[in-house]
Amino acid sequence: MAVFRLSNIMTEIRTIEAKNHIGEAVQLKGWLHNVRRLGGVNFIVLRDGWGTIQAVTEDDADLAPIADLALGTVIRLEGLAIANAQAPNGLELQRPRIEVITPVTETPPLPLNKRRLNAALPTLLDHAVVANRHPARRAIFRLSSGVMAGFRATLGAMYFTEVQTPKIVASATESGANVFRLDYFGRPAYLAQSPQFYKQIMVGVFERVFEVGPVFRAEPHDTVRHINEYVSLDVEFGFIENHFTVMRLLREVIAGIFTYLIDNYPDDLALLEANLPIILPEIPHIHFADAQELILSRHGVDVRGEPDLSPQDERWLGEWALETHGSDFLFVTGYPMVKRPFYTHPDPTRPDYSNSFDLLFRGTELVTGGQRLHRYQDYLAALDRAGYPHEPFETYLEAFRYGMPPHGGFAIGLERLLMQLLGLPNLRLATLFPRDLHRVTP
């Protein structure tokens, strides 16, 4: 029998490329994901940054290099790629050769070779540097990357320009509360609550802008849907008619994101059993006041006079949107002006209400947006009504002094989108390294 010498004709590949190399001798690098011994047949599973691949051998000597090592050991695995319908992904490596790159002798804190990570949330978060290597955890964050890529691709095709704005700012975006205050070389500064002021300013430069970046909220929430640092997908653009112009664009962006995920991340969606949403050609909308009347008529709960919707209100409205319109999404428009920031444009026909909206995704607020004020004098009046001094906003106001078109925009919470898409019970499970009231590590 001829001796097959792999090392002389080796092709280095990744797991996602293996199906294109059937019949070839290949080499992969990654982590020892699992070892199984079944009735004289040994299975070695390697995990790299994209997936897993199985090698099979009946010779115990082939396992000698890893005999005393733990899962997670970094290895180089060589073998002949053979099609096998019974193997994971329809192929396996035969005649394997293992070389240890980085040995691991301790058992990992979490069993990464199990289909599901059945650990409590604190354990997952405490050991996130390891837990995030699990294929299911990794798939969440690969989809996170896909959402950002789809967001960029959709807006890029519409002539939007991506910008990056400062995260250390001189004044709070929405109010003096709920901001992280910094000592900035002896004077006060803050971590940005949002890029709102800067993205509006940049409408005066590019007309259509977007940003992907972190925002910081010093809100003492301890709920399943809030954290204190998250990724915001922000959009602002000029020459709009009103907030309905913004809503139409948002519908296209949401549809573009999900189309991008379907086209580019089918394996991750399948692994996580993602329930893809229904996105109608026109997302249904309901005015805030009508939404409160609807809640009263359907559930007997009188929320009229409240300036905002509670999480339960949002869940009820999400159920109504699905039952009545067959939609996983619902716009709630016209929030009271008392609940919206000073830069929000009032409804010309109902000045107590605003030209703003929230987009609910399966009964949870996902997006906030609307039309902004664009005239300089209107800003001075709005600041006076809110009791804010003009001086901290002088740079911001300069953009409006020298001409701004009617404009508006929105912000999508990246982690909340993933939470709702994947049916996760806690926003922290959609966050790489969460920051909340109790956690600043890892």
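Residues numbered from 1 in each chain as written. Predicted model: local features only at pLDDT ≥ 70, side-chain atom pairs only at ≥ 80, totals over all residues. Heavy atoms only, no water.

K.L.:
Quick question: what am I supposed to make of the overall build of the chain here?
P.N.:
Secondary structure summary: the chain contains 11 helices and 19 strands in total. Dimensions of the chain, computed from the C-alpha atoms along their principal axes, are close to 90 × 55 × 40 Å. Residues counted as buried form 50% of the 442 residues belonging to the chain. Across the chain, every contact between residues at least 6 apart in sequence was considered, and the portion connecting residues at least 24 apart equals 65%. Approximately 21100 Å² of the chain is accessible, and the part contributed by carbon and sulfur atoms is 52%. Charge separation in the chain, taken as the distance between the mean sites of 42 positive and 52 negative side-chain charges, equals 3 Å. (Helix = DSSP H or I, 4+ residues; strand = E, 2+ residues; numbered from the N terminus. Buried < 20%, exposed > 50% of the residue type's maximum accessible area, 1.4 Å probe, protein only. Contact = heavy atoms within 4.5 Å. Areas by Shrake-Rupley, 256 points an atom, 1.4 Å probe, with all protein chains shown as cover. Lys, Arg positive; Asp, Glu negative; His and termini not counted. Charge placed at Lys NZ, Arg CZ, Asp CG, Glu CD.)

K.L.:
What exactly am I supposed to notice about the confidence of the model for the chain here?
P.N.:
One rule of thumb: low pLDDT means the predicted coordinates there are not for detailed reading. Mean pLDDT over the chain works out to 95, with 97% of the residues at or above the 70 mark. Of the regions scoring below 50 in pLDDT, residues 1-7 engages in 11 contacts with residues more than four places distant in sequence or in other chains. (pLDDT = per-residue confidence, 0-100.)

K.L.:
What should I look at first to understand the environment of His-285 in this one?
P.N.:
When you line up the elements, His-285 lands in strand β13 (residues 285-287). For the pair His-285 and Met-247, spaced 38 residues apart in the sequence, the C-alpha separation amounts to 9.6 Å. When near neighbours in sequence (up to four residues on either side) are disregarded, His-285 contacts Phe-244, Met-247, Leu-330, Phe-331 and Thr-333.

K.L.:
Before we go on, may I ask you to explain the packing of helix α9 (residues 376-386) against helix α10 (residues 394-401) in this structure?
P.N.:
For any two helices packed against each other, the geometry is given by the interaxial angle and the distance between the axes. Relative to each other, α9 and α10 sit at 145 degrees, their axes nearing to 8 Å. Only Tyr-396, Leu-397, Phe-400 and Arg-401 of α10 make contact with α9, whose side of the interface consists of Tyr-376, Tyr-379, Leu-380 and Leu-383. (Axes fitted to C-alpha atoms, helices over the stretch in contact; angles between N-to-C directions.)

K.L.:
Would you mind going over unusual backbone geometry with me for this structure?
P.N.:
Peptide bonds are mostly trans, and most non-glycine residues show a negative phi. The linkage connecting Thr-441 with the following residue, Pro-442, adopts the cis geometry, with an omega of -5 degrees. The topology assignment puts Pro-442 in the segment after α11 (414-422). With a phi close to 70 degrees, Tyr-159 is a non-glycine residue in the positive phi region. Within the fold, Tyr-159 resides in the loop between α3 (135-156) and β7 (161-162). Here Tyr-159 falls in the exposed class, since its relative accessible area comes to 71%. One non-glycine residue, Glu-273, adopts positive backbone phi at about 50 degrees. Residue position: Glu-273 is located in the loop between α6 (266-271) and β13.

K.L.:
What's the story with the layout of surface pockets in this structure? I'm lost.
P.N.:
Rolled over the atoms, a probe with the dimensions of a water molecule shows which regions are left empty. Put simply, the second largest pocket is a space of about 1000 Å³. Trp-50, Gly-51, Thr-52, Asn-89 and Leu-271 are, among the 29 residues lining the second largest pocket, the residues nearest its centre. Sorting elements by how many residues they give to the lining of the second largest pocket places α6 first, with 4 residues. Of the residues in the lining of the second largest pocket, the class split is 11 nonpolar, 10 polar and 8 charged. (1 Å grid on protein atoms, 1.4 Å probe; cavity = no way out; pocket = protein on both sides within 12 Å on 5 of 7 lines; lining within 4 Å. Points joined across faces, edges and corners; volume = space filled by probe spheres on them. Nonpolar A, V, L, I, M, F, W, Y, C, P; charged D, E, K, R; others polar.)

K.L.:
Sorry if this is basic, but what is going on with α10 here?
P.N.:
Because an α-helix completes one turn every 3.6 residues, residues spaced three or four positions apart along the sequence face the same direction. Buried within α10 are the following residues: Tyr-396, Leu-397, Ala-399 and Phe-400. Projected down its long axis, α10 shows its buried positions confined to an angular sector of 145 degrees, all on one face. Structural note: α10 exposes Glu-394 and Thr-395 on the side pointing more than 90 degrees away from its buried face. Considering only its buried residues, α10 is in contact with α4 (196-206), α9 and β19 (407-413). Gly-403, located one to two residues past α10, shows a positive phi value of around 100 degrees. (Arc of directions from axis to C-beta.)

K.L.:
Help me out: how do you make sense of the packing of helix α7 (residues 288-299) against helix α8 (residues 311-325) in this one?
P.N.:
Relative orientation of the contacting elements α7 and α8 amounts to 85 degrees, with a least axis distance of 10 Å. Considering the angle they form, α7 stands roughly perpendicular to α8. Across from Ala-291, Leu-294, Ile-295, Arg-298 and His-299 in α7, the residues of α8 making contact are Asp-313, Trp-316, Leu-317, Trp-320 and Glu-323. (Parallel < 35°, antiparallel > 145°, perpendicular 65-115°, else oblique.)

K.L.:
It is not clear to me how the pairing of strand β18 (residues 364-371) should be interpreted in this structure. Could you clarify?
P.N.:
If a strand is regular, its side chains alternate between the two faces of the sheet. A large share of β18 lies buried, amounting to 6 of its 8 residues. Alignment of strand β17 (residues 356-361) against β18, held across 6 bridges, turns out to be antiparallel. When the sheet's bridge partners are listed, Phe-361 is paired in β18 with Thr-364. Here β17 folds back onto β18, and the loop between the two strands holds 2 residues, one of which, Arg-362, carries a positive phi near 50 degrees. Two elements, β18 and β19, share 5 bridges in a ladder whose sense is antiparallel. When the sheet's bridge partners are listed, Gly-370 is paired in β19 with Gly-409. (Pairing = 2+ DSSP bridges.)

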